[in-house]
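# Structural characterization, general
Below, each chain spelled out in residue letters.
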Amino acid sequence: MNDSKHHTFEGDLRADGLRFAIIVSRFNSFITDRLLAGAIDGIERSGGKTADIDVVRIPGAWEFPITVRAVAARKEHDAILCLGAVIRGDTPHFDYVAGNAASGIAAASAETGIPVAFGVLTTNTVEQAMDRAGIKSGNKGFDAAMTAIEMANLLRQLRAGKQS
Ligand code: INI
């Protein structure tokens, strides 16, 4: 709502001048490669530069939390994207892997102050994951890029203080 009595903080979707780290897991790479392509497409179509995107590859979703912290500690990026695919059929450990990734990423983002977009698919089937990786219901990598851009711009605004 546009109410002139209130100052509204809201990030826009311009990625020019922003630096991104995309952490992508190799597990289920036939899915995560598509998420990565969608994320890069989203950043570049929003004005981000190829040279301002770092890609960090990890074995699986379990490894996201420690990697987010290591990337954040470099202080070289305005936002981090986590792209992965945890598919229930693959493992009885689904709940551990997916749960650890989700809670660990959230904790790492809150503790480091860097926005982290959660682009980790957690699905019951390969088909559901494919659908969300560009086959049918959009591409969650692209969506994660939009969130990362918006949150990087929002946090810049909030940290700069109130504009008149
Ligand atoms: N990692 C994933 O990213 N997705 C999965 O579906 C998955 N399954 O099914 O097991 C998975 N396991 C690997 C895990 O993330 C770690 O890489 C591994 O346990 C080594 O620490």
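For the structure given in this document, a descriptive report is provided here. (Residues numbered from 1 in each chain as written. Predicted model: local features only at pLDDT ≥ 70, side-chain atom pairs only at ≥ 80, totals over all residues. Heavy atoms only, no water.)

### So, the overall build of the chain
Rules: Comment: elements are numbered from the N terminus, with helices defined as DSSP H or I runs of at least four residues and strands as E runs of at least two. As defined in this context, the radius of gyration uses C-alpha atoms, and a globule is described by 2.2 Å times the residue total to the power 0.38. A simple rule labels every residue: compare its accessible area, found with a 1.4 Å probe on the protein chains alone, to the largest value its type can have, and call it buried under 20%, exposed over 50%, or partly exposed in between. Contact criterion: two residues are considered in contact whenever any of their non-hydrogen atoms come within 4.5 Å of each other. All accessible areas in this document rest on Shrake-Rupley with a 1.4 Å probe, and a residue is counted as covered only by the protein chains that are shown. Under this rule, positive means Lys or Arg and negative means Asp or Glu; His and the chain ends count for nothing. Here the site of a charge means atom NZ of a Lys, CZ of an Arg, CG of an Asp or CD of a Glu.
On a plain count of helices and strands, the chain comes out with five helices and four strands. For a compact globule of 164 residues, the expected C-alpha radius of gyration is about 15 Å, and the chain comes in at 16 Å, within 12% of that figure. Dimensions of the chain, computed from the C-alpha atoms along their principal axes, are close to 55 × 35 × 30 Å. Expressed as a percentage of the 164 residues in the chain, the buried residues total 43%. Contacts in the chain between residues far apart in sequence, at least 24 positions, make up 81% of those at least 6 positions apart. Total accessible area on the chain is roughly 8,900 Å²; 52% of this is exposed by carbon and sulfur atoms. Averaged over its 18 positive side-chain charges, the chain has a centre that lies 3 Å from the centre of its 19 negative ones.

### As for helix 2 (residues 64-74)
In an α-helix there are 3.6 residues to a turn, and that puts residues three or four apart on one side. Going by this rule: For this quantity, the arc is that covered by the directions from the helix axis to the C-beta atoms.
The set of residues buried in helix 2 consists of F64, P65, T67, V68, V71 and A72. Seen along its axis, helix 2 keeps its buried residues to an arc of 165 degrees; they face one direction. Helix 2 presents I66, A73 and R74 as exposed residues on the side facing more than 90 degrees away from its buried surface. Directly after helix 2, the chain includes K75, whose backbone phi takes a positive value near 55 degrees.

### Some details on the sheet that holds strand 2 (residues 53-58)
Let me state the cut-off plainly: Should DSSP find at least two bridges between two strands, the strands are regarded as paired. Interaxial angle, 0 to 180 degrees, is taken between N-to-C directions of lines fitted to C-alpha atoms, where a helix line uses only the stretch in contact.
Here we have four strands laid out as an open sheet, ordered 2-1-3-4, and parallel in their pairing. The open sheet has two edge strands with one neighbour each: strand 2 and strand 4 (116-123). Shown here is a sheet whose adjacent strand axes are inclined to one another by a mean of 15 degrees, direction ignored. In this sheet, strand 3 (residues 79-87) lies alongside strand 1 (residues 20-25) in parallel orientation, the contact comprising five bridges.

### Focus on the side chain of T123
Examined against the element boundaries, T123 turns out to sit in strand 4. Taking relative accessible area as the criterion, T123 reaches 5% and is therefore assigned buried. Not counting chain neighbours up to four residues away, the residues in contact with T123 comprise V86, I87, R88, F94, Q128, A129 and R132.

### Details of the pairing of strand 1
To keep it simple, the criterion reads: Think of it like this: strands point away, you trace from the first strand over the helix to the second, and a clockwise trace means the crossover is right-handed.
Strand 1 sits mainly inside the fold: six of its six residues count as buried. Because side chains alternate across strand 1, one face comprises the buried residues F20, I22 and V24, and the other comprises A21, I23 and S25, equally buried. Here strand 1 pairs with strand 2 via six bridges, running parallel. Counted as the bridge partner of S25 is I58 from strand 2. At this point the chain moves from strand 1, through helix 1 (residues 29-45), to the parallel strand 2, and the crossover so formed is right-handed.

### Let's talk about the packing of helix 2 against helix 3 (residues 94-112)
Where we set the bar: An angle below 35 degrees is treated as roughly parallel, one above 145 as roughly antiparallel, one from 65 to 115 as roughly perpendicular, and anything else as oblique. Working rule for handedness: look at the near helix, and if it is turned counterclockwise from the far one by less than a right angle, call the crossing left-handed; if clockwise, right-handed. Polar here means any residue other than Ala, Val, Leu, Ile, Met, Phe, Trp, Tyr, Cys and Pro, which are nonpolar, and Asp, Glu, Lys and Arg, which are charged; Gly is therefore polar.
Between helix 2 and helix 3, whose axes approach to 8 Å, the crossing angle comes to 20 degrees. The orientation of helix 2 relative to helix 3 falls into the category roughly parallel. The way helix 2 lies across helix 3 gives a crossing that is right-handed. Two secondary-structure elements touch here, helix 2 through F64, P65, V68, R69 and A72 and helix 3 through N100, A101, G104, I105, A107, A108, E111 and T112. By residue class, the composition of the contact of helix 2 with helix 3 is eight nonpolar, three polar and two charged.

### Let's talk about the packing of helix 1 against helix 5 (residues 140-160)
Across the interface, helix 1 lies against helix 5 with an axial gap of 6 Å and an inter-helix angle of 40 degrees. Regarding the angle of helix 1 to helix 5, the classification is oblique. Crossing angle aside, the handedness with which helix 1 passes helix 5 is right-handed. Along its contact with helix 1, which presents L35, G38, A39, D41, G42, I43 and R45, the element helix 5 presents K140, G141, F142, A145, M146 and I149. Classifying every residue of the contact of helix 1 with helix 5 gives seven nonpolar, three polar and three charged.

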